[in-house]
Amino acid sequence: MYTLPKIERFNQNVLSKYNIYNSVFITLPFDSIDNTGVMLPLFTEVCETGFKKQETPKEIMEFFSNKYLHSATEKDKIDIMFRFIQYIERQIVLFDAVEDAAFPVVNNMEGRGSLRDIKEKADAKGKQEELIDFLRNFNVRTVLTAHPTQFYPGPVLGIINDLTQAIRENNLLGIKQLLAQLGKTPFIKNEKPTPFDEAVSLIWYLENVFYPTSSDMIHYLQKNVFPGQNIENPIIKLGFWPGGDRDGNPFVTTEITLKVADRLRTSILKCYYMEVRKLKRKLTFFNVDVLVAELENKLYRSVFYSQGDIFITLDELKAQLNKIRSIVIEQHESLYLDELESLIINVNLFGFYFASLDIRQNSRIHDAVFKDIFDYYQKTDASVFPANYYELSEAEKFEVLAKVKGDLDSKDFEAEMTRATIESIQAIKVIQAKNGEEGANRYIISNNESALNVLETLAMIHLTNWENPTVDVVPLFESVEDLLDAHNVMEKLYTNPMYASHLKRRGNIQTIMLGFSDGTKDGGYLMANWSIYQAKEALTAISRKYDVEVIFFDGRGGPPARGGGKTHKFYASLGPNIENKEIQVTVQGQTISSNFGTLDSCRYNLENLLSAGVTNQVFNREINIFSPEDKAVMEQLSQLGYQKYLDFKNHPKFIPYLEQMSTLKYYAKTNIGSRPSKRSKSAQLDFKDLRAIPFVGSWSQLKQNVPGFYGVGAALKHFEEVGQWDKVQALYDNSMFFRTLLENSMMSLAKSFFPLTAYMKNDPEFGEFWQMIYDEFLDTKRLLLKIAGHTELMENYPDGKASIEIRERIVLPLLTIQQYALLRINELNKEKNPDTQLISVYEKIVMRSLFGNTNASRNSA
């Protein structure tokens, strides 16, 4: 049967269904959304027409009010704006649910990038053995973080899940009831979530999505790629940050860290218990039923009657399951063997920990903590550190750190941060004792600038009476400067006897984390991505020199500006000069729900990541190599883009523009995440302390998306002006890395809408600055279309382009309302006696619209 093109499948299964169900939604009677369904389409039309006429958000709002609201007071206008916001929030949920329901129809689940595709390619190319060897050593680790870009409260996520299922089944009555429920369910969290709340929210995805998907994938590989063999390598690993990530989050305490680890253990045991219950109904055979019942009883007690006690060990669980398996094969014709093996796979994958809880802290905090520890020992045991430690050279400090031993007690310190840091190290020991070593065995140092940062951290671990720690110290390099120097830092560590000895005990494996978000914030889009690519090459070379297996852990966010976008294509394009035995990547906020929120999307995206590794290492190993000429062009492009971005970032209006014209300051007021929007408590905005999420998100709310394109146009334009366009064209045609980089930048442009803020060009203070951004946008758009040979942005991804267009149309009234509210706030603040109560109302409008705008974009922050 003929399969429709992807865009036609999208139009039939997403666009048409959304329009049908939205028309049902419009007619439902809601107490708080009375008559809104009739008025909102009119307002949307006024917005579209108004922006085409180059009208300001204020002019659009006034026109709508005069035409449809009839002598409306300011209170009436505010009331309709709040009702529009409530309605649009729910329209976005409806579209999310429709798109999720259509995912397996719109996307070819067995096509390019799938496990089936990998197997069939290997068969066709005679590379079955190479594929098997590769899968014996390769892993994908997705690390869930709680970074605040997910605005849906728990009940709304539940409705999305149920609505998706009802849409799939064409259950019209169920859909109508769920839409009615949606209209009456609050979208706003009255209080900020605690880190434990964030952990519980994300564990839902572990239990309901990652758990079944992972076992299905491994089961497929075991049956079709490893027939008759066991896969010793896990292939899929899960990581977890909520409750362990202390960087800039004072609300993460040791108590919460331990509580999250306990919850992860209980959750995985509960998953095993539920599977054993299902098996008990099937494995009713002689000699088997008793063993299954025994397992069920021990797991039940461990989950429901335990005060932290476990009534079965991991080894006992594995042994019992393997015993049952042998009896089923030998005595019962392998009946229900697939279901049993699915459970065995999960036990081997997740142990008693489910996901590895990473501990993370900033090097600047460590500096202060280490000084506190030094001062303590000067008073209590001067033999640990020499009095002149801080006057010593780096090499001399290394020698001191190699010998330190101690048994620190957090109670001996007054400074809260010192106590917390010592306790976090001790918590790792506790978690390992209960959940196994994989439960928590990584200590990440963000903003790592030197080898000393790593060695002082390792020394602190030693000083907690842990001489041979089962912990990997993971430096996170973020700024452009630190990325370029990372290989020198690692060489100092590899040649340091203490660290080399520690690495040997850890299997000579070194994980290094690289930060895309802060890299882009620091150096712009081109420089950040190229710096990370170069850093990976240099770090691979230095690691291979010292016989260390390096694993790269990428700190990526949702949008291209934070390393998101077509992520799997980046990994497929790395080539042999970058170590790629494991893909480790953070998945945060909206990206968790949009890319891994359903069984289908999770499977599709995990398989794509796995396929990217296979493509790079098995099928295209020698293809993705930069020639010296291509590298020179890439280097020049990144330097040109860097200079353009630096000039922009250093512009005197850069910080004032963000503070006064964007939603930046409102991120801190939302109750979406436990973490503050900046690292320091200073009232004045310091760019270095600003978090990448509110930084990128604020540009997204303005529909300017600066971090995803600024400097790209200027860099390409240089080659056009000097008559060397053929060089960048050849680079685009030959390099999947560069092509993916520019395709992701196109996505940033496609989500921009400058007519929204065109009124700013007439602003006496910021007009010139706005024009500077717009000019770079126009240059970038023109040149990206030229290099791709396209007439429209994203025309090679028609379904993605259509999805963005629908979402942008849904959210256009919301954007208009937000800008109108910001304009009114500025006007009111300039009055002689500002009405603080009215200002507060408009600020609430800004915050409420911020939620919907972000949810609609799905990867905007």
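All of these numbers come straight from a predicted model, not from anything done at the bench.

Thresholds applied
Residues numbered from 1 in each chain as written. Predicted model: local features only at pLDDT ≥ 70, side-chain atom pairs only at ≥ 80, totals over all residues. Heavy atoms only, no water. Helix = DSSP H or I, 4+ residues; strand = E, 2+ residues; numbered from the N terminus. Rg over C-alpha atoms; globule rule 2.2 N^0.38 Å. Buried < 20%, exposed > 50% of the residue type's maximum accessible area, 1.4 Å probe, protein only. Contact = heavy atoms within 4.5 Å. Pairing = 2+ DSSP bridges. Axes fitted to C-alpha atoms, helices over the stretch in contact; angles between N-to-C directions. Core = buried A, V, L, I, M, F, W, Y, C linked by side-chain atoms within 4.5 Å. Arc of directions from axis to C-beta. Phe/Tyr/Trp six-rings, centres within 6.5 Å; stacked < 30°, edge-to-face > 60°. Expected span 1.5 Å × (residues − 1). Polar contact = N/O pair within 3.5 Å; in protein donor to acceptor, adjacent residues only side chain to side chain. Salt bridge = Lys/Arg side-chain N within 4 Å of Asp/Glu carboxyl O.

**Some details on the overall build of the protein chain**
The helix and strand tally for the protein chain stands at 34 helices and nine strands. Whereas a compact globule of 861 residues would reach a radius of gyration of roughly 29 Å, the protein chain reaches 28 Å, a difference of no more than 12%. Overall, the protein chain is about 75 × 75 × 60 Å in size when its C-alpha atoms are taken along their principal axes. Looking at the protein chain residue by residue over its 861 residues, the buried ones come to 60%. Relative to all contacts within the protein chain whose residues are 6 or more apart in sequence, the contacts with residues 24 or more apart total 81%.

**Here's the deal with the sheet that holds strand β4 (residues 359-362)**
In space, the nine strands of this open sheet follow the order β3-β2-β1-β9-β8-β7-β6-β5-β4, with parallel pairing throughout. With one partner strand each, in any of the chains shown, β3 (356-357) and β4 form the two edges of the open sheet. Sheet topology places strand β7 (residues 509-515) next to strand β8 (residues 549-555); seven bridges connect them, and they run parallel. By the bridge assignment, Gly515 is partnered in β8 with Gly555. Most of the contacts of helix α18 (residues 480-494) go to strand β6 (residues 472-477), to which it runs at about 155 degrees, and overall it touches β6 and β7. In the packing of helix α21 (residues 525-545) onto the sheet, the strands contacted are β7 and β8, and the crossing angle to β8 comes to about 160 degrees.

**A short note on the nonpolar core**
The biggest cluster of nonpolar side chains holds 193 residues, and the ones touching the most others in it are Phe240, Tyr272, Phe385 and Trp699. No other element matches helix α9 (residues 195-224), which puts 12 residues into this core. Not counting residues up to four positions away in its chain, the partners in contact with Trp699 are Phe648, Phe654, Tyr657, Leu658, Gln704, Asn705, Val706, Pro707, Phe769 and Ile773. The next biggest cluster of nonpolar side chains, apart from the first, holds 71 residues, and it includes Met61, Ala72, Met81 and Ala856.

**Looking at unusual backbone geometry**
Positive phi, close to 60 degrees, is recorded for Ser334, a residue that is not glycine. In this structure, Ser334 sits in the loop between α12 (314-331) and α13 (337-350). Since its relative accessible area comes to 30%, Ser334 is described here as partly exposed. Positioned with a positive phi, Phe354 is a non-glycine residue whose angle comes to about 70 degrees. Considering the arrangement of structural elements, one finds Phe354 in the loop between α13 and β3. Under the relative-accessibility criterion, Phe354 is labelled buried at 0%.

**Things to note about helix α29 (residues 712-721)**
Buried within α29 we find Val712, Gly713, Ala715, Leu716 and Phe719. Projected down its long axis, α29 shows its buried positions confined to an angular sector of 165 degrees, all on one face. Looking at the buried side of α29, the elements it contacts are α21, α25 (628-649), α30 (725-734), α31 (736-750) and α32 (767-788). Where α29 ends, the next residue or the one after it, Gly723, has phi of about 75 degrees, a positive value.

**Quick notes on the packing of aromatic side chains**
Tallied over the entire structure, the rule returns 55 aromatic pairs. Between Phe374 and Tyr389, the ring centres sit 6.1 Å apart and the planes meet at 35 degrees, which makes this aromatic pair tilted. Of the two residues, Phe374 is situated in helix α14 (residues 363-380) and Tyr389 in the loop between α14 and α15 (394-403); the sequence distance between them amounts to 15 residues. Each member of the pair, Phe374 together with Tyr389, is buried. Note on Tyr657 and Trp699: the rings are 5.8 Å apart at their centroids and 25 degrees apart in plane angle, and the pair reads as stacked.

**So, helix α17 (residues 451-462)**
Here α17 spans 17 Å end to end across 12 residues, near enough to the 16 Å set by a 1.5 Å rise per residue. Burial within α17 is extensive, with 12 of its 12 residues counted as buried. Every buried residue belonging to α17 is among Ala451, Leu452, Asn453, Val454, Leu455, Glu456, Thr457, Leu458, Ala459, Met460, Ile461 and His462, and all of these are buried. Here α17 starts with a cap whose side-chain oxygen sits 3.4 Å from the backbone nitrogen of Leu452, and that cap is Ser450.

**Here's the deal with the pattern of salt bridges**
All chains considered together, the criterion is met by 48 salt bridges. Between Glu296 and Lys280 there is a salt bridge, with the nearest N and O atoms lying 2.8 Å from each other. Taken together, the residues span a long stretch of sequence, with Glu296 in helix α11 (residues 289-304) and Lys280 in helix α10 (residues 254-280) at a distance of 16 residues. Look at Glu296 and you get buried, because its relative accessible area is 14%. One salt bridge connects Glu294 with Lys298, and the closest N-O pair in it is separated by 3.3 Å. Here Lys298 and Glu294 lie together in helix α11, a separation of four residues that amounts to about one turn. Judged by relative accessible area, Glu294 falls into the partly exposed class, the value being 35%. With relative accessibility at 24%, the residue Lys298 sits in the partly exposed group. The network of salt bridges with common partners includes Lys58, Glu74, Arg824 and Glu827.

Note that all results are geometric; they support no functional claim without further evidence.
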